[in-house]
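These are the residues of each chain, in order.
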Protein chains: 2
Amino acid sequence: MEAIAPAKSLVEKTYDALLDAICAGEFRPGERLGQDEVAERLNVSRQPVNSAIAMLKAQRFVIDTGRRGVIVAPVDRQLFESIYQVRSAIEPLAVELATPRISPEAIKRGREIVARGTRLMQSNDPSGVLQADIDFHTLIYELSGNAIIVDTMRLNWQHLRRSMGEVLRFPGMTFQVWKEHRAIFNAMVSGDAADAAAKMRSHITEAPRRVVREA
Amino acid sequence: MEAIAPAKSLVEKTYDALLDAICAGEFRPGERLGQDEVAERLNVSRQPVNSAIAMLKAQRFVIDTGRRGVIVAPVDRQLFESIYQVRSAIEPLAVELATPRISPEAIKRGREIVARGTRLMQSNDPSGVLQADIDFHTLIYELSGNAIIVDTMRLNWQHLRRSMGEVLRFPGMTFQVWKEHRAIFNAMVSGDAADAAAKMRSHITEAPRRVVREA
DNA sequence: TCTCGGAAACTCGTATACGAAATTCGAAAT
DNA sequence: ATTTCGAATTTCGTATACGAGTTTCCGAGA
């Protein structure tokens, strides 16, 4: 029952590869992204690379220097804070919308994610925990039935991956967070949307305080 | 004191032209968008058109048919509702953030927009009123100092333009709305962020009820 | 040694070319 | 008249080519 593979174009593959490389920190902030260089690395012509970079530019992952191509955008504390401000408003909404739409399969999947996150916490696997964090929140976005939330937050999480890659300790990297995830999800399962949303609100509001703060 | 013109590339110009044409309803939903056709119409080669369409695809303004190019996305009531759900969360936040950052020039500009919107209401100019509506909310996004809000809502308003182009009466097309705008802005000017945010919340929550509802 | 000028090399944006997939259209068969 | 099969046409995705603007580099002059 796999959704049919849409046969990605080279532009899409290039975009995905670049975005992932940037967010995983394989390209350093400020580093120049040459089209020839990327094209050779991915074994495509410059044409798909040019298109992909245009999209990354519109999404603030790279910056146009005006003269010779683009550079990887610096990791911006302002952007990080902007995203958390937005999350403080969007996440509780997503929970409200998702709670009455939760399904047995979703419950199963949610519990699996919480268990996985908690387990990876114990085995001290930062990137695994981050992925579980993303998965947990993305599950809620998808359950919300709101396509705008899904799309918007997908991009925002990519930005967050960058910020969190810089510091080893990130908001999801504590036991407290996974206790909160569990509590939020339990409230959702029990159908108490208001309680779940309130728990989510404080979850997000407290999260940035847990990050090491630096200019 | 004009910001220097960034010398837009053909890709950007093509993207802007296509987006505006789609949102203004010049291309009908479901209509095929041929690259050659667009290229000729804008006097550019297919290359910038291809890039621009790739971006529009990622932003849901056009849909890939898989076989021969793309079609203009149908105006989707679900999308409209999703955006209003998001706005119900984002707009009050934007007001909270913007209120303590308001400047004398911003006050001047805000009053000008409200006056213009009210005036165009009276002269029965729907597209002018819509533009004033967009301007009013965009001013608040910009004052919020939150780049994510600015970027996200710019795209969302383009989607809304499409929805509202379908129905002659849209949420901004009533006197009540402009009375509310004025009240919100006055609360912001007086520095009462909580009151302004509350007023904005009900402004957004009530708005969709004012639109003619149709499948 | 340091500065300056200009030529060579690089890199990007855009145009054009090419191959593959899909659609269209017409002719032959029923 | 209708259906079917395949060749011609259309159109896209991607590669390659080209022109313009920048940067780099090196040698001449101070």
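Residues numbered from 1 in each chain as written. Chains lettered and ligands numbered in written order. Predicted model: local features only at pLDDT ≥ 70, side-chain atom pairs only at ≥ 80, totals over all residues. Heavy atoms only, no water.

Brief notes about the pattern of salt bridges
Residue and element names in this part refer to chain B. The tally for this structure, following the rule as stated, stands at 24 salt bridges over all chains. A salt bridge links D135 to R116, with the shortest nitrogen-to-oxygen separation between them at 3.0 Å. Residue D135 is found in helix α6 (residues 126–144), and its partner R116 is found in helix α5 (residues 104–122); the two are separated by 19 residues along the sequence. (Salt bridge = Lys/Arg side-chain N within 4 Å of Asp/Glu carboxyl O. Helix = DSSP H or I, 4+ residues; strand = E, 2+ residues; numbered from the N terminus.)

Here we look at the sheet that holds strand β3 (residues 70–72) of chain A
Strand pairing within a sheet occurs via backbone hydrogen bonds; the two strands may be parallel or antiparallel. All names here are of chain A. Reading across the sheet, the three strands line up as β1-β3-β2 and stay open at both edges, with antiparallel pairing between neighbours. Taken across any chain shown, the strands that pair with only one partner, and hence form the sheet edges, are β1 (32–33) and β2 (62–64). In terms of strand pairing, β1 meets β3 through two bridges, oriented antiparallel. Bridging from a neighbouring strand, L33 pairs with V70 of β3. (Pairing = 2+ DSSP bridges.)

With respect to the relation of the copies chain A and chain B
Of the two same-sequence chains, chain A is brought onto chain B (RMSD 0.0 Å, axial shift 0.0 Å) by a rotation of 180°. Such a combination of rotation and displacement between the chain copies is what one expects of a two-fold axis. Looking at chain A, 100% of its interface residues are interface residues in chain B too, so the copies touch through the same face. (Least-squares fit on C-alpha atoms with pLDDT ≥ 70 in both. Contact = heavy atoms within 4.5 Å.)

Section: the protein's contact with DNA strand C
By nearness alone, 18 residues border DNA strand C, and A:Q35, A:R46, B:L10, B:S45 and B:R67 come closest of all. A:N50 is positioned with one of its side-chain polar atoms (N or O) 3.1 Å from a phosphate oxygen of DNA strand C. Here a phosphate oxygen of DNA strand C sits 2.5 Å away from a polar atom, N or O, in the main chain of B:L10. Residue assignment for the surface near DNA strand C shows that the elements contributing at least two residues are β1, α2 (35–42) and α3 (46–58) of chain A together with α1 (10–23) and α3 (46–58) of chain B. Looking at the surface near DNA strand C element by element, the count peaks at three residues for α3(B). Along the lines of polarity and charge, the residues of the surface near DNA strand C split into four nonpolar, seven polar and seven charged. (Near = heavy atom within 4 Å. Polar contact = N/O pair within 3.5 Å; in protein donor to acceptor, adjacent residues only side chain to side chain. Nonpolar A, V, L, I, M, F, W, Y, C, P; charged D, E, K, R; others polar.)

A word on the interface of chain A and chain B
Taken together, the contact pairs 24 residues of chain A with 24 residues of chain B. Both faces combined, the contact of chain A with chain B buries some 2,100 Å², and carbon together with sulfur accounts for 61% of it. Considering only the surface of chain A that becomes buried against chain B, A:M55, A:Q85 and A:I148 emerge as the three largest contributors, covering 23% of it. For B:D151, the salt bridge goes to A:R60, with nearest N and O atoms at 2.5 Å. Remark: the boundary between chain A and chain B carries eight residue pairs in polar contact (both at pLDDT 80 or more). It is helix α4 (residues 77–98) of chain A that contributes the most residues to the side of chain A that touches chain B, nine residues altogether. (Buried area = accessible area lost by both parts, 1.4 Å probe.)

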